[in-house]
Structures are given as C-alpha cells and as structure tokens.
Amino acid sequence: MKLLKLISWQYVRKHLLRTVLTMAGIVLGVAVFVGMHTANQSVLSAFTKTVDRIAGATQLQITAGESGFDEEVLERVQALPNVRVAVPVIEAVVNLNLKSQGNILVLAVDMTGDRGLRDYDLEAGDDTVIEDPLVFIAQPDSLMVTREFAAANGLVSNSKITLAAMDGPRTFTVRGIMKSSGLTSAFGGNLAIMDIYAAQKVFGRGRKFDRIDLAATEGTALPELQRQLSALLGPGFEVESPSARGKQFEALSSVYGMLANITSLFALFIGMFIIYNSFAIAVTQRRGEIGIVRALGATRGQIQALFLTESAILGLIGASFGVLFGLLIASGISASLGNFLGEIYGVAQRAGEVSSDPRLLLGALLMGVVTSVIAAWIPARAAAGVDPVQALQKGRYQQLTKGENRLRRQIASALFVIVFFCLFFAQNRIIFYSGYFLTVIAGLLLVPTVALWLSKAIRPAMKFLRPVEGTLAADSLIQSPRRTSGAVSALALSIALVISLGGMARASYNSINEWMRIALNPDMFLTATQNITDRSFRFPASFGDEIRSIPGIRRMQLVRNARLLYKGNPVMVVSVDIGNLVVESYLPSVAGDSATMYRLAAEGKGFLISDNFAQLYGVKYNELLSINTPNGTLTLPVAGIVRDYSDQKGTVLIDRKMFIHYWNDDTINIVRLYLEKNITVPEMRARIEAKLAGKTRLFILTNQDLKSYIIKITDQWFGLTYIQLAVAVLVAILGIINTLTVSITDRRRELGVLQAVGALRGQVRRTIWLEAIAIGIIGLAIGLAFGGVALYYSLEMAARDISGLRLDYTYPWSMAAGLFPVIVGAALIAALGPAEQAVRGSLVEALEYE
Amino acid sequence: MISLSSVSKRFDGKRQVIALDAVDLQIDKGEMVSLVGPSGSGKSTLLNLIGGLDRPSEGDIRIDGTLLRGINDDELTRIRRDKIGFIFQFFNLLPTLSCLENVALPLHLRGWPAAKINDRSRELLSLVKLDNRLEHLPEELSGGERQRVAIARAFRLSPDPASRRANGQSGFEHRRGDSDPDPRAARTAAGHGPDRDA
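Residues numbered from 1 in each chain as written. Chains lettered and ligands numbered in written order. Predicted model: local features only at pLDDT ≥ 70, side-chain atom pairs only at ≥ 80, totals over all residues. Heavy atoms only, no water.

Trainee: When you look at the interface of chain A and chain B in this model, what are you seeing that I'm missing?
Mentor: Many descriptions give the size of an interface as the accessible area lost when the pieces come together. In this complex, chain A contributes 24 residues to the contact, which on the side of chain B involves 25 residues. Surface buried jointly by chain A and chain B totals about 2,300 Å² across both partners, of which 62% is contributed by carbon and sulfur atoms. Across the pair A:Arg761 and B:Asp73 runs a salt bridge, and its minimum N-O distance is 2.9 Å. For the interface between chain A and chain B, the tally reads seven residue pairs in polar contact (both at pLDDT 80 or more). (Contact = heavy atoms within 4.5 Å. Buried area = accessible area lost by both parts, 1.4 Å probe. Salt bridge = Lys/Arg side-chain N within 4 Å of Asp/Glu carboxyl O. Polar contact = N/O pair within 3.5 Å; in protein donor to acceptor, adjacent residues only side chain to side chain.)

Trainee: Teacher, can you tell me more about the sheet that holds strand S4 (residues 58-63) of chain B here?
Mentor: Within a beta sheet, neighbouring strands are joined by backbone hydrogen bonds and run either parallel or antiparallel to one another. All names here are of chain B. Sheet architecture is open: four strands sit in the order S2-S1-S4-S5, paired in antiparallel fashion. The two strands at the open ends of the sheet, each matched to only one other strand, are strand S2 (17-27) and strand S5 (66-67). As judged from the two bridges shared by S4 and S5, these two strands associate in the antiparallel manner. Along S5, the bridge assignment pairs Arg-62 with Leu-67. (Pairing = 2+ DSSP bridges. Helix = DSSP H or I, 4+ residues; strand = E, 2+ residues; numbered from the N terminus.)

Trainee: Looking at this structure, I do not really get a nonpolar patch on the surface. What am I missing?
Mentor: All names here are of chain A. Taken together, the side chains of Val-417, Phe-420, Phe-421, Leu-423, Phe-424, Phe-425, Tyr-792 and Tyr-809 make up a nonpolar region of the molecular surface, amounting to roughly 820 Å² of accessible area. Of the residues forming the nonpolar patch, the biggest block, five residues, is contributed by helix H16 (residues 402-424). Looking at where Tyr-792 falls in the secondary structure, it is placed in helix H28 (residues 761-802). By relative accessible area, which is 32% here, Tyr-792 ends up partly exposed. (Patch = residues over 30% accessible without salt bridge, like charges linked within 9 Å, V, L, I, M, F, W, Y side chains within 5 Å. Areas by Shrake-Rupley, 256 points an atom, 1.4 Å probe, with all protein chains shown as cover. Buried < 20%, exposed > 50% of the residue type's maximum accessible area, 1.4 Å probe, protein only.)

Trainee: Is there a simple way to explain the sheet that holds strand S1 (residues 60-63) of chain A in this structure?
Mentor: All names here are of chain A. Overall, mixed pairing links the nine strands, which are arranged S6-S7-S5-S8-S4-S3-S10-S1-S11 in an open sheet. Each end of this open sheet is capped by a strand with a single partner; those strands are strand S6 (160-165) and strand S11 (238-240). Along the sheet, successive strands turn relative to each other by an average axial angle of 30°, direction set aside. Pairing geometry for strand S5 (residues 142-146) and strand S7 (residues 168-178), over five bridges, is parallel. When the sheet's bridge partners are listed, Met-144 is paired in S7 with Gly-176. Contacts from helix H2 (residues 16-55) reach S1, strand S3 (83-95), strand S4 (103-109), strand S8 (191-195) and strand S10 (211-216), with the element oriented near 30° to S4. On top of the sheet, helix H9 (residues 222-233) reaches S1, S3, S10 and S11; it is set at about 15° to S1, its chief contact. (Axes fitted to C-alpha atoms, helices over the stretch in contact; angles between N-to-C directions.)

Trainee: Help me out: how do you make sense of the pattern of salt bridges in this one?
Mentor: Should the charged atoms of two oppositely charged side chains come close, the side chains can pair. Residues and elements named next belong to chain A. Within this structure, the stated rule accounts for 36 salt bridges over all chains. Between Glu-514 and Arg-517 there is a salt bridge, with the nearest N and O atoms lying 2.8 Å from each other. Taken together, the residues Glu-514 and Arg-517, both in helix H19 (residues 481-519) and three residues apart, mark about one turn of the helix. Owing to a relative accessible area of 38%, Glu-514 belongs among the partly exposed residues under this scheme. Residue Arg-517 is classed as exposed on the basis of its relative accessible area of 52%.

The analysis is restricted to geometry; functional conclusions fall outside its scope.
Rendered as structure tokens:
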C-alpha cells in the first residue's frame, strides 16, 4: 500500500492524461456492455411487467400461437371443475393517431367474468358504469382508459375516439377512467379496455379469442390443472403461467442479446489492448524506478502486486464510470430497441423506464477489473523480472528482443496449423469456436512482427514524401514496436469488426435484395395494419372475394402468417395457396427439386421450410416435421428447403387450405395483387379505395413501398450494430492518442533537438501527424486482412447460431476503401492534441529531459 | 554579431531564482568568447538565451542586428537554424538516424535539395574524419565520435577552431572558405570555473 502511494500515485499524477485515456478503453467497453444489456433488460422487464400487471390474479393462460382459437374452447375449459374462473382475452397494440403516444395496448375482455381476475379501479363517478358490467357490454362502443392516457390526450368521461376497425371506422366512447394502479401501469400506462365481442369485430378476429386467462379453485395444484388442460385441449395449445410469455419474448430478442454480447466483448477486448499497451510502456519508462526499489529491497512479488493493484484500481474506476455512462445511454437504446422489436417481430413494447439488474452491474464492474488485471498481467510480470543492475543502466528498452519476436511468430505459426485442422472439423461447434478464438490469438501474436515489417516497408515512401518528418515518424515506429503494437492491435481489431459486420451487412442486403426481387414481385400489397409485421388486424376471408371483383387484377394471392411455437421457439408459419403462388414466383431451392416440392406442398403432402429454419432447428430435407395445431399435430415430410428471408426465427410455408383446416383460421394478413398490363398502380389504388373506402381498415402498399419498408427495417438492424462500431473505432482512436502521447513523452528530447537545430513548429507537427497516419495505415492494413477472416467466421456464426441465414461471402471492398479516409482522418484528429503538446513545451526543459 | 543589453532571466517557482541580472554583452564577428563560471552562475541560461532556445525576462538580444524580442516562434527557429550551430554537452544525436542523416537533418529542415544535402553532409563528416562511419547509428560510435558528429552537424554553418579545440586529438583539418553563411561568425562556449567544479 505504501509502495502504491509512494510510487504508483506519483506516476499517475504525473501522467494524468495518459491514465484517463487508458481508463477510457474500459469505460467505453463497460458502457457499451451495460448500455446494451440494460436496454435489452428494460424492454424485457417492461414486457414482463405488462404481462404481469395485465394478468392480475390469472394463474394460467391458454394460447394457440397467434392464430387464436374458437369460442367453444372457452366452454370446455370452464367446464373443468378445478377452474374457478376462465375468461377470454383479445390483446392488441394499435395506433390511435392521437396527439401523444400513438400506440396503445387494447385489452379486450368479457366484463361479466373478468372482474374475478382483474381489478378495474375507476375514478369516482364512473363506477356506475362498471358496477353493472352489463351496462358496459350493452354499449359495445364502451372504452376504458387509464388516467395517464386520458390526461396526455385530453380525454374525459364520454369523450369519443374513432378507430379504424375492420368493419369500417368506429367511434368509441370513454366510459371509464381507471385510477393509477398495478393494471393501469401496464404498457407504460397506454392501456385501454374494450369489450371482447366488440374487439372481435374491430380486429377481424371472427368468432375467435386470442387467449384464455384462468384461475383455479382454492387448493388445486397448478401443475395438475396444467396437465389436465393440456390433455383436454391437445398439443396445439400452450398452457403456461403468465410469466412464461416473457420467455417467448426473450427468445425473440435473443439475436439482439447475442449481438450485444459479441460487440461489447469486442469493445472490452480492444480496451484490454489499450491497457496492456499503457502498462507495457509504463513498465519500460519506470525501469529505473523499479530498479531502485528492487535495489532497496522490494521483492519481485511486491513489484508484480504493485502493478496488478494499480491495474485493478484503474479497472474499478473505469468500470464504475462505464456503468454510469451505460445506464445513461440505456434509456435511448431501449426506446429504439422497443420500436425495433415491434417492427421486426410485430411484438410492440414500450420501455418507459430503465430497469437495471444489480447482478448485471456488479458483473460489469467485475468484468472491468478482471479485464484490466488480465491486460496488465504480462507487463506486471515483466516489471517483476526487471534486473536492478540492468535497470539502472541507461539504454533503449522499447525494442522487442529478437528472441521474443521469434517466439511469438513460432507460437502463432503453431496456432495457425491448429486452426487449419479445426476447419476440417468445423461442424462441431466447440471446434469451430476454438478455431475462431485461436485465429484471433494467432493474429494478435503476429501484430508486432507485421507492424514492424509494414513500418519498414512504408519508411521509403514516407521519406520520399517528407524527408525529415517522414523519416523520423517511420523510425519512431520501427524503434518502438512495443509502444505501437498495442494501438495497432486495437485499431486492427476495430477495423476487423467493421469489415466483418460491414461484410455481413452487404451480404445481407445482397441476399435480401435478391430475395425481394424473386419473392416480392406483386405490383401491390393490401394489409390491415400500417406495419406489415403487425398482425393485430386481419381481413375476413370474404375480403378476397371483394377484391377479386375489382376489374384489372390479373392474379390475387391471399396470405395468412402467424407466429407459432415450434419446440418452444417462436417461428413463423406462412400459409398461401401454393399452386397459385408458384405461377408467379418461387423461392430458390436449397434442398429438393423445385417443381416437385411446390407440387407436394400445394397438395398438402409436405412442408416447405426456410433455410434458416433448417439451420436453427437441425431439420433436414425429407425428414418428418411435426407442428402442433389446435386440431392436433400436423406431421408432414419436409418437401423442400428454400431461401427465404422473411423471418429471423425461421419460416414454414404451407398451403392455405391446410392452414384453414388445422387452425380453423381463414383470416388474411396480406393480399398480393398482380395487375393486368393495361392498368397502372395508381389507377388500381383509386379503384380499391373507391370500392372499400370507409368500409374496412385498409393500407395499400406498392411494390416499392414494401421493399423500402423492408430495407428500412434492415437498416435499423444494422443501425444498431453501427453504434457498436462507432464505439469500437472510438476506442481505437483513444489507443492512437495514448500511443502518441507516450511517444511524445518518450521523444521529448529528440523533438527538442529537432527544434533546436531548426525544425519549425509546423515541421514538428507534421512529424507527429505522419506518425499517427502511419499507425492508422498499418492498423488499417492488418485490420483489413484480419477482417476478411473475421467475416468468414461471422457469416458462419450467423448461419449456425444467430439467424440461421446462409449469406454469400463477399468482401466489402467499397467499405474497405471508405475506411481509408476515415481512419487517416481519425488518426489525424487523434494526433492534433499530442502534436500541440510536442511543440508547446519548453525547449530548454525538453533538451534536458531524460 | 551578438549583442545583449540589460538581459535578465528569472525563474518563477515557489521561490524566484534570478539566473541572470541585467547582463550586457557584445560579441563581434569572428570573435571567440568563453564563458567561465561556477555552477549555477547562469552560463547555460545565457547560452540558451543567445541560442534562441529560451527568451529573457527582460532586456534585448540582437543576433546580426535582429532583435529577438517580439518575434514569433517560427522566426526565432529560423534564426536558430540559419545563424546558430549547437554542440550540446551530451551531443543530442537522434538515435534512430545514421551519422549522415543526423548531419543532414538541419539541411533538410532548411529545404535544401537532396543532392546538395548529401554532398554537404558527406563533406562535413569527412571534415571530422568520419567518412567511414556514414551509415553508423550513434549507438555504434564511441563518445568521441559522437561528439564529432555533433560538431559536424553544427558545422553546417561554419567549421570553426573552437570546435576543433573541443577534440584536440582528432586533429581534423579546417578548410576555410567552405563555411556557410559566414566564416567569421561569433562563437561562444561555456565552461565551469576551475575553482568550483571538477
């Protein structure tokens, strides 16, 4: 402790800027980790709270995926003796186009029985309505809203709200304003209660319910009741506690969670290099000091402990700031994540407040400290190994010894051999990930050697460009590989991350564009919701007939898609008349003959599954696939595997008549229209509006509208990852600033001599700038090469464990070219401060500096 | 010509130290001056001020008639570069540059063409008898050789007898007429007084 105060504290005080920069790596890494995970948790927690608050006294919930089920199921459930109360529910998020928050969660219930489960605590004066629930039901335009929602939108009792319903615009009357309570805080307070039979009409549910909420009679064992209900209803129904819905939501956001993990770990990894670099330099600079302390009697253990304690304290302070910043950015991220999940999966959620898990925060602190200590481990060992006699002699210690460099190269070569063999057994997940890990380690071991080669290679060019400044800058790098390699590694890792994610993005855009060209070729699309991934509103089957009667339509395809559980995973089932679909477009085959697979699927003799479904759940061509439906288990062979990008969780394509038969659901989500040649899209839009305006809720999308929407969602997805990229690049820039700051301190006398013999300030500045640019270019070159390898592994990871989507390997050359000015610019910006520091100091002091 | 008029230098810290107090000095062209005095008497401070490495707290310094007060850093650097040659006590050679590059450095900074720099640097090193050490790094030289490289670097302006004396054993020849810009430039050197320092 005494040593820490006497030696470390003095050093930190003297090099405060460098200490802050070193810590910044950890701050950013931890901030990204905490920010992204807290955002994810907040959204998940908001969902769970909404489920929990809406559940009230509900003990079990019965669902059949998104397709819902017939009313008669309720009677069967209510008939069970152990069921105290069972009530039907329809739940949907709708946009009311009101002045404040547009989206509201509509909970449609049967008010006669529902008060046995939920407590609708009304404002004084409104109780008359609900005291007799029949009054509420007798007026099917009744609506109850929360006090917060009413206040935000200027609503009072008897206010009117018009809602675009499936049977045309409907005006609802606010007949109750609920006091703030558990229930009303669901969905951030944006909650409305409606009568369930009115909701069936509004949302186009037919005679179906989304869910049954129930409570058991006293003394009933819930697991037993759960078993009874499952046996009674069959495998197509899920009987779960309300909290189980959180797990399904979690499964949907798991891709994001995994991405958050990968990138925040990457950011921390980069931060680790900055710490390693700083400590390695500190040990070099403090050799004399270490030598004196050792000569005075300090043991090797004490010296090592001194550096490790320094790093732990640095890690703890950095991680603490990281946690604070993480929590600050979490609310912004959670808002966009909530919207994003709604757009992608149609599961809207609002995260009003940031919900932080103390375990996550503690874990982040620990992660910061551990990262810092690991990073400082090697330099601390080097410090402990300092020989007091040698340390007190003056000389250059920056250079890596030839032996040390050779050892690194030998280890890297051995690792590359192992990696090569790993590629042959990459089907095994452990071997695959080990191969990736070893590639990263081997690459990093080679960084000092490659950086040295590249520094030597660019020296002539730099000398040619600026004889003095260029030579000095290149020599500074050549002479101090240890000083440079940390920053180069950090930069190379960031660039590799940019390239691999950029490559993924490019491959995704290419694949999605190709898929859209083939699969989304209708001229127009009709939907009942603004957002095509939202399935709250559905057209009745009769809607098809109405559209068909409009002249000018060459072909019409009716689509019903629904998210259902397959072995506990929320997958997408898409039903369409396959015989009709295949006339206009068919998805490229991955396994199976196209003509045969579509024929079998059209005849109801097989499923078509998407490539990512096959990847994610290990389903093979021709294998029997079983899907649970409200009418029993549907088991068919996989007639073909196709390339389809419509859902990240995998898609099963079945013929519409099979869906109607097994799910008792003839509603429609989307109508695909192909027009006659003699009619334009605007003309058809006008005809449709003329026929249906005011009669039904309808959104008309052109082919271009839909494609733009899909690209927008894809942009949002990659937008999230670009936030992480920005952080990674920022960390790398910090690395360059750190390195240059150290470089200038190291070369203070050299720069002083340069000025003494006649270098103008501009010439000194250019030397520092050139050094920064050289670090940038070397890091870029290594990063671009490393990125090519990282991209291969990223695509494999995406196919295996993230989305199951197989994307073609395409190196993002244009992005690589774009990175050149970005990195050179960033390096120049990073060099501005240090360069000024180099020219502003006292020349006399610089010349005396040792 | 070097001219100092009432030049003072104070160092402000916890306690103020007056290193030079109203110094007047005139050194004419071709004149050789040695500063001798005990440690702490302000010799280095005076040389730093004359050399344009530092600025006085008070008083005026003129180099060849140019008043140093009020000129900006780059103008001061140009005076250093064009009119002053330094041989530092510890030579201050750049460790990463060869002998030839070290000597060529100030010439590059002046923007001379490469061929002229090369010829002149070789010539200067030949003058200090280091023709066989052109590509050697400073760490590969003896202390005396390093000193000669430092002298050659300073000679870019004027080969001079004072420097010759600094390394009496080498006996290198001084070729008059090669100097640039003026063979009769003023020379100063500082040394400790025999009564105070060993």
